[in-house]
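# Understanding the architecture of this molecule
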Amino acid sequence: MNPTQPHDHIPHVPFWLKFIIAAKIVVAVAVLGLAVYGATFNDFFAGNGYAIFCCIALLLTEAYYLVTTNFFPAFFNAWVYLVMSFFQAVWWLACWANLASWASAYKLYYIGIDLSDFEECSQSAANDTSDSTSQFGGLEDYDNKYMACLMDKRKRHRDTSTNILGLRLSSHSADMMLQLLVAAAAGIGALEWILVVLTLALFALALNKHRKSGAPFSAGAAWRTTSDNPHGTGGGAHVEHHQMQANPKATV
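These remarks concern the structure in this document. Worth saying up front: this structure is predicted, and the values here are computed from it rather than measured.

As a further point, take the overall build of the protein. Of regular secondary structure, the protein possesses 7 helices and 2 strands. Overall, the protein shows an N-to-C arrangement of helices and strands of α-α-α-α-α-β-β-α-α. Sorting the 252 residues of the protein into buried and exposed places 36% on the buried side. Once local pairs closer than 6 in sequence are excluded, the contacts in the protein between residues at least 24 apart make up 67%. Within the structure as shown, the protein displays about 14,100 Å² of accessible surface, and the carbon and sulfur contribution to it stands at 65%.

Enumeration according to the criterion identifies 11 aromatic pairs in this entry. Measuring from centroid to centroid gives 6.3 Å for tyrosine 65 and phenylalanine 203, while their planes differ by 90°, and the two rings are edge-to-face. One end of the pair, tyrosine 65, is in helix 2 (residues 46–70); the other, phenylalanine 203, is in helix 6 (residues 171–213), and 138 residues separate them in sequence. On the basis of relative accessible area, tyrosine 65 is assigned to the buried category, the value being 7%. Residue classification places phenylalanine 203 among the buried positions, given a relative accessible area of 1%. Considering the side-chain rings of tyrosine 81 and phenylalanine 203, the 4.9 Å spacing of their centres and the 80° angle between planes classify their relative orientation as edge-to-face. In this pair, tyrosine 81 is assigned in helix 3 (residues 78–110) and phenylalanine 203 in helix 6, connecting sequence segments 122 residues apart. Residue classification places tyrosine 81 among the buried residues on the basis of a relative accessible area of 1%. Grouped by ring-pair contacts, the aromatic residues Tyr50, Phe53, Phe86, Phe87 and Trp91 constitute a single cluster.

Summarising the element assignment, glutamate 62 is placed in helix 2. The buried category is assigned to glutamate 62, whose relative accessible area is 1%. Here glutamate 62 is in contact with Ile21, Lys24, Ile25 and Tyr81, once residues within four sequence places are set aside.

The next subject is the pattern of salt bridges. Per the stated rule, a full pass over the model turns up 1 salt bridge. When the shortest N-O distance is used, the salt bridge between lysine 24 and glutamate 62 registers 2.7 Å. Note that lysine 24 is positioned in helix 1 (residues 17–39) and glutamate 62 in helix 2, a separation of 38 residues in sequence.

Glancing now at the side chain of threonine 68. Its place among the elements puts threonine 68 in helix 2. One polar contact links the side chain of threonine 68 to the main-chain carbonyl oxygen of tyrosine 65, over a distance of 3.4 Å. With residues up to four places along the chain from it excluded, the contact list for threonine 68 reads Pro73, Phe75 and Phe76.

One finds Leu17, Tyr65, Phe76, Trp92, Leu99 and Phe203 to be the most contacted residues of the largest nonpolar core, which totals 34 residues. Of all the secondary structure elements, the ones that give two or more residues to this core are helix 1, helix 2, helix 3 and helix 6. Counting residues per element, this core draws most heavily on helix 6, at 10 residues. In terms of nonpolar packing, the next biggest core, distinct from the first, is built from 5 residues, Cys121, Ala125, Cys149 and Leu150 among them.

Mapped onto the elements, histidine 12 comes out in the segment before helix 1. With 198 residues separating them in the primary sequence, histidine 12 and histidine 210 have C-alpha atoms 7.3 Å apart.

With that settled, consider a nonpolar patch on the surface. Taken together, the side chains of Val67, Phe71, Phe72 and Phe75 present a nonpolar region at the surface, about 470 Å² in accessible area. On the accessibility criterion, phenylalanine 75 (61% relative accessible area) is exposed.

Quick notes on the rules
- Residues numbered from 1 in each chain as written.
- Predicted model: local features only at pLDDT ≥ 70, side-chain atom pairs only at ≥ 80, totals over all residues.
- Heavy atoms only, no water.
- Helix = DSSP H or I, 4+ residues; strand = E, 2+ residues; numbered from the N terminus.
- Buried < 20%, exposed > 50% of the residue type's maximum accessible area, 1.4 Å probe, protein only.
- Contact = heavy atoms within 4.5 Å.
- Areas by Shrake-Rupley, 256 points an atom, 1.4 Å probe, with all protein chains shown as cover.
- Phe/Tyr/Trp six-rings, centres within 6.5 Å; stacked < 30°, edge-to-face > 60°.
- Salt bridge = Lys/Arg side-chain N within 4 Å of Asp/Glu carboxyl O.
- Polar contact = N/O pair within 3.5 Å; in protein donor to acceptor, adjacent residues only side chain to side chain.
- Core = buried A, V, L, I, M, F, W, Y, C linked by side-chain atoms within 4.5 Å.
- Patch = residues over 30% accessible without salt bridge, like charges linked within 9 Å, V, L, I, M, F, W, Y side chains within 5 Å.

Below is the structure:
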């Protein structure tokens, strides 16, 4: 039986997968920047926090893959990376969909009005109409006072200014800018999800081939007996590939 090589337990993936991983990291950093910047102005927007979580989780997952496969192969576990990649696909699908829905809602309802204004105006209108003797008249009066309060709040916001990306903008323009940032994060997040799914599919195929070859799943483990490897011996293109990676100057 051939001696076990340090990289025998690492599935053989296409060489260009590293470029996809690099693209995933770049896109994740872009979404992270947009989400962090947006969170500094809209702390009520839960989508920003979730996007930050997804970005950090992806960066940690890809760092684990790159560091272990290149420098510490003994610590690499293919099943761990597969499971984490699966979670990434689920998380990023929810992430970009959530960002897109919030971008749409922000554009339709919240431009020029803070979420806290809705609660404040509702309470104010309720207090002003609490002494009404007619239920119908009270509801109508409540609606009028509520809308008047919101319009007043919106006018005040439009008259103020906010510093966005170094630009001094009116509150209305700032809201538009933040809505565009959320929409941009949603679009880039969708691209990230596609890259994550592509990586998951490629690695799953490589792991299935790895399993059929009888190669070990942990460092130092023996080769297994399979239908493709009835003798449970190491060798072939799979091992030669990793041997060439470990010692590219070796000659045959």
